[in-house]
Amino acid sequence: MGFALCRQWPVVGFEEGMYVLASAHCGLDRRRRGCGLRRALFCILFICALVPRVGASVGDAAHFNAVNGVALLDLARAFGHPATRQKPVPDLLREADLETGLTALGSGDYPKALVIFSRLAEQGEAVAQFNLAEMYAKGQGVEQNDDAAQVRYRQAAEQGERRAENALCLFYVQGTFRDRISALLADADAAAVWCRRAAEHGSAYGQEWLATMYGLGSGVARNFAEASRWWLRAAEQGSAVAQSNLARMYFEGKGVPQDDAEALRWFRAAADQGLAGAQYGLGLMYHFGRGVPRDPEEAARWYRKSAEQGEAAAQFNLGLMYASGEGVSQDPAEAARWLRSAANQGDPAAQNNLGGMYLDGEGVPIDAAAAVRWFRKAADQGLPDAEYNLGTLYAEGKGVEQSPAEAVRWYRKAADQGIAAAQNALGVAYAEGEGVKESKAEAVRWFRRAAEQGHVDAQYNLGLTYANGEGVARDYVQAYLWWGLAARQGSSDARQSQNAIIRYMTRQQVTEAQRRARGFQSQAQPPDREPE
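Definitions and limits used
- Residues numbered from 1 in each chain as written.
- Predicted model: local features only at pLDDT ≥ 70, side-chain atom pairs only at ≥ 80, totals over all residues.
- Heavy atoms only, no water.
- Helix = DSSP H or I, 4+ residues; strand = E, 2+ residues; numbered from the N terminus.
- Buried < 20%, exposed > 50% of the residue type's maximum accessible area, 1.4 Å probe, protein only.
- Contact = heavy atoms within 4.5 Å.
- Areas by Shrake-Rupley, 256 points an atom, 1.4 Å probe, with all protein chains shown as cover.
- Expected span 1.5 Å × (residues − 1).
- Salt bridge = Lys/Arg side-chain N within 4 Å of Asp/Glu carboxyl O.
- pLDDT = per-residue confidence, 0-100.
- Phe/Tyr/Trp six-rings, centres within 6.5 Å; stacked < 30°, edge-to-face > 60°.
- Core = buried A, V, L, I, M, F, W, Y, C linked by side-chain atoms within 4.5 Å.
- Axes fitted to C-alpha atoms, helices over the stretch in contact; angles between N-to-C directions.
- Parallel < 35°, antiparallel > 145°, perpendicular 65-115°, else oblique.
- Left-handed = near helix turned anticlockwise from the far one by under 90°.
- Polar contact = N/O pair within 3.5 Å; in protein donor to acceptor, adjacent residues only side chain to side chain.
- Nonpolar A, V, L, I, M, F, W, Y, C, P; charged D, E, K, R; others polar.

Enquirer: For this particular structure, what's the right way to read the overall build of the protein chain?
Expert: Regarding its fold elements, the protein chain presents 29 helices and zero strands. By the burial criterion, 48% of the 532 residues in the protein chain qualify as buried. Across the protein chain, every contact between residues at least 6 apart in sequence was considered, and the portion connecting residues at least 24 apart equals 49%. Roughly 25,100 Å² of accessible area belongs to the protein chain as shown, and the carbon and sulfur atoms make up 50% of that amount.

Right under this line is the structure:
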């Protein structure tokens, strides 16, 4: 190759010839220039003297080329070639070597790239350190080794290599390069250091993870304002994930003032990029009229876009809309289809609702055993409505062998989470000694907890305990009070009982009961919803 180069040097000076020949050895430049015939002999002498036969290995070839390149570049420098005045010869050689390594890596010649990057990495070349780390991380031309990759990434990052900062952020966030996790950080402190460096250098990826860490309080003190600041930085770079998370913060007023207009803007920006979570968020905005006029049809349209990408929350909401006919034509079968999609992803609310559909035969055949199965899946995740529903099936023996004790066990779980219907059911179990040792006092305690939430049956039952003096001292004023509250919610039994007991009460007692009822209603919370 050297002889061919010299034969093509008809015009430019000797120093240019030396530079071009050095470039051929070092990979600096692929230009083909030449010198006059009067310099050809001199060129040939250098080729013969400096270019021996190279060995068979890649390493030997690279070594001989580097040696020859040094000599030729030094000569070109001595004759004043401008390129050699701009940078020192060693820098030119490293750049040439690096270019050769990158070319080898790009073409899949991993053994050659490994040799070159290893040598340059030991010389402190940051780009080589980064690419060598990548090869170890991906197992390219070398056995995959996360530890070796981490070492090289750190060397490059400490010299300011931005890609290495990103890689270290990812390494510490994920724990390994291969197994992604969502919230738990393998080394939170180190993750915060490297993600911050990447974020401050403008990496949207680093900004996203730093925002996540501030939101979780992992590696840094929990700070929603800081989280929103970094989400904004990444969102402004076009990150759909950041745009969606920033929108949620505006939607909830977390870390930023609550602002439906800003939430809508960022949800739409991310939704237009096809992000399922943002499409679901935009559906919520239309569903509840937040920042836009309420529009169930538009809500259903965005829920569908999100649901078709597998977003469980969107599938659940779309299923409820088909069940009720809100924004879409009522279609129980379609409701069951979307609820099943969400339920199969583990969404407990969808599992509970699907169980109810099997119990009632809405959109699916009546199947009590299937209802039990879905209620249990949701109850095992701690959903109180499902715990109550499962307790009811055990009490009635539907889809499962009747077991009052098992019914009480599930009622108690739901009652402890504040489900008024479960509290009332538990009160009945104690009053009758079904599945638990009879205790009128415990019955009163549970009836009271449910009655104070406005549960009509519990109000009637509590009135009955006061009228009969069961588990509590007989008190007609309290009985009249609770029956009156139940009657106002439409309980005919409570109205009849109230009319019956008034015959045993004085005018003053009736007046006192009515006064207490008015005071209770002014402070009472809305009745708890019935489990679905």
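There's plenty left to go through after this.
Enquirer: How do you make sense of helix α7 (residues 110–122) when you look at a structure like this?
Expert: Counting along an α-helix, one turn takes 3.6 residues, and residues three or four places apart therefore face a common direction. The terminal C-alpha atoms of α7, which comprises 13 residues, lie 18 Å apart, in line with the 18 Å expected from a rise of 1.5 Å per residue. Taken together, the buried positions of α7 are occupied by A113, L114, I116, F117, L120 and A121. Of the residues trailing α7, G124 is marked for its positive phi of about 90°.

Enquirer: I keep staring at the environment of F375 and nothing clicks. Help me out?
Expert: Tracing the backbone through its elements, the reader meets F375 in helix α21 (residues 368–379). Residue class for F375 comes out buried when judged on its relative accessible area of 1%. Expressed as a C-alpha distance, the spacing of F375 and P348, which sit 27 residues apart in the sequence, is 8.6 Å. With residues near it in sequence (within four places) discarded, F375 still touches N352, G355, G356, L359, A386, N389, L390 and L393.

Enquirer: What exactly am I supposed to notice about helix α17 (residues 296–308) here?
Expert: Compared with an ideal rise of 1.5 Å per residue, which puts 13 residues at 18 Å, α17 spans 18 Å between its outermost C-alpha atoms and is within 8% of the ideal. Among the residues making up α17, those that are buried are P296, E298, A299, A300, W302, Y303, S306 and A307. One or two positions beyond α17, positive phi appears at G310, with a value near 95°.

Enquirer: I'm lost on the pattern of salt bridges in this one. Help?
Expert: In this structure the tally under the stated criterion is 15 salt bridges. Two residues, E122 and R152, come together in a salt bridge whose shortest N-O distance is 2.7 Å. In this pair, E122 sits in helix α7 while R152 sits in helix α9 (residues 146–157), placing the two residues 30 residues apart along the sequence. For the salt bridge of K138 with E134, the shortest nitrogen-to-oxygen distance reads 3.3 Å.

Enquirer: What is the right way to look at the confidence of the model for the protein chain in this model?
Expert: Reading predicted coordinates in detail is not appropriate for stretches of low pLDDT. The pLDDT averaged across the protein chain works out to 82; a share of 77% of its residues lies at or above 70. Low pLDDT, under 50, characterises residues 1–19; the predicted model gives this stretch 57 contacts beyond four residues in sequence or across chains. Contacts of residues 24–64 to residues separated by more than four positions or lying in other chains number 80 contacts, the stretch itself having pLDDT below 50.

Enquirer: Help me understand the packing of aromatic side chains, please; the structure alone is not making it clear to me.
Expert: Each aromatic ring pair is described using two quantities: the centre-to-centre distance and the angle formed by the ring planes. Inspection of every chain in the model, using the stated rule, returns six aromatic pairs. Geometrically, the ring pair formed by Y476 and Y504 is tilted, given 6.2 Å between the ring centres and 45° between the ring planes. Linking Y476 in helix α27 (residues 476–488) with Y504 in the loop between α28 (492–501) and α29 (507–523), this pair joins segments that are 28 residues apart in sequence.

Enquirer: Mind showing me how you'd approach the environment of F224 here?
Expert: Topologically, F224 is positioned in helix α13 (residues 224–235). Residue F224 is classed as partly exposed on the basis of its relative accessible area, which comes to 26%. Sequence spacing of F224 and M213 is 11 residues, and the spatial spacing of their C-alpha atoms is 9.8 Å. F224 has contacts with G215, M249, K254 and G255, leaving out every residue within four places of it along the chain.

Enquirer: Teacher, can you tell me more about the nonpolar core here?
Expert: Soluble, globular proteins show a tendency: their nonpolar side chains are buried together. One finds M213, Y303 and Y388 to be the most contacted residues of the largest nonpolar core, which totals 116 residues. The element that contributes the greatest number of residues to this core is α27, accounting for nine residues. Setting aside its immediate chain neighbours within four residues, Y303 contacts Y280, G283, L284, H287, A314, N317, L318 and M321. Grouped together as the second largest cluster of nonpolar side chains are 25 residues, A113, M135, A164 and W194 included.

Enquirer: How should I be thinking about the environment of A336 in this particular structure?
Expert: Mapped onto the elements of the fold, A336 is located in helix α19 (residues 332–344). Between the C-alpha atom of A336 and that of F316, which follows or precedes it by 20 residues, the distance is 9.6 Å. Ignoring any residue separated from it by four or fewer positions in sequence, one finds A336 in contact with L354, M357, G363 and V364.

Enquirer: Can you help me understand the packing of helix α11 (residues 188–200) against helix α12 (residues 204–216) in this one?
Expert: Two quantities define a packed helix pair, namely the angle between the axes and the distance from one axis to the other. Put simply, α11 and α12 touch, their axes get as near as 8 Å, and they point 140° apart. Looking at the two axes, α11 sits oblique to α12. Classified by chirality, the crossing of α12 by α11 is left-handed. Residues A188, A191, A192, C195, R196, A198 and A199 of α11 form the contact with α12, whose participating residues are G206, Q207, W209, L210, M213 and Y214.

Enquirer: Just to check I follow, could you spell out the side chain of N131 for this structure?
Expert: By the secondary structure assignment, N131 is in helix α8 (residues 126–138). Judged by relative accessible area, which is 8%, N131 ranks as buried. A polar contact of 2.8 Å, which involves the side chain of N131, links it to the backbone oxygen of V127.

Enquirer: So what exactly am I meant to see when it comes to the side chain of S306 here?
Expert: Topologically, S306 is positioned in helix α17. Note on S306: relative accessible area 0%, which makes it buried.

Enquirer: Looking at this structure, how should I read the packing of helix α14 (residues 240–252) against helix α15 (residues 260–271)?
Expert: Interhelical geometry of α14 versus α15 gives an angle of 160° and a closest axis separation of 8 Å. In terms of orientation, α14 lies roughly antiparallel with respect to α15. Regarding α14 and α15, the two cross each other, and that crossing is left-handed. Only E262, A263, W266, F267, A269 and A270 of α15 make contact with α14, whose side of the interface consists of A240, Q243, S244, L246, A247, R248, Y250 and F251. Here the contact of α14 with α15 is built from residues that sort into 10 nonpolar, two polar and two charged.

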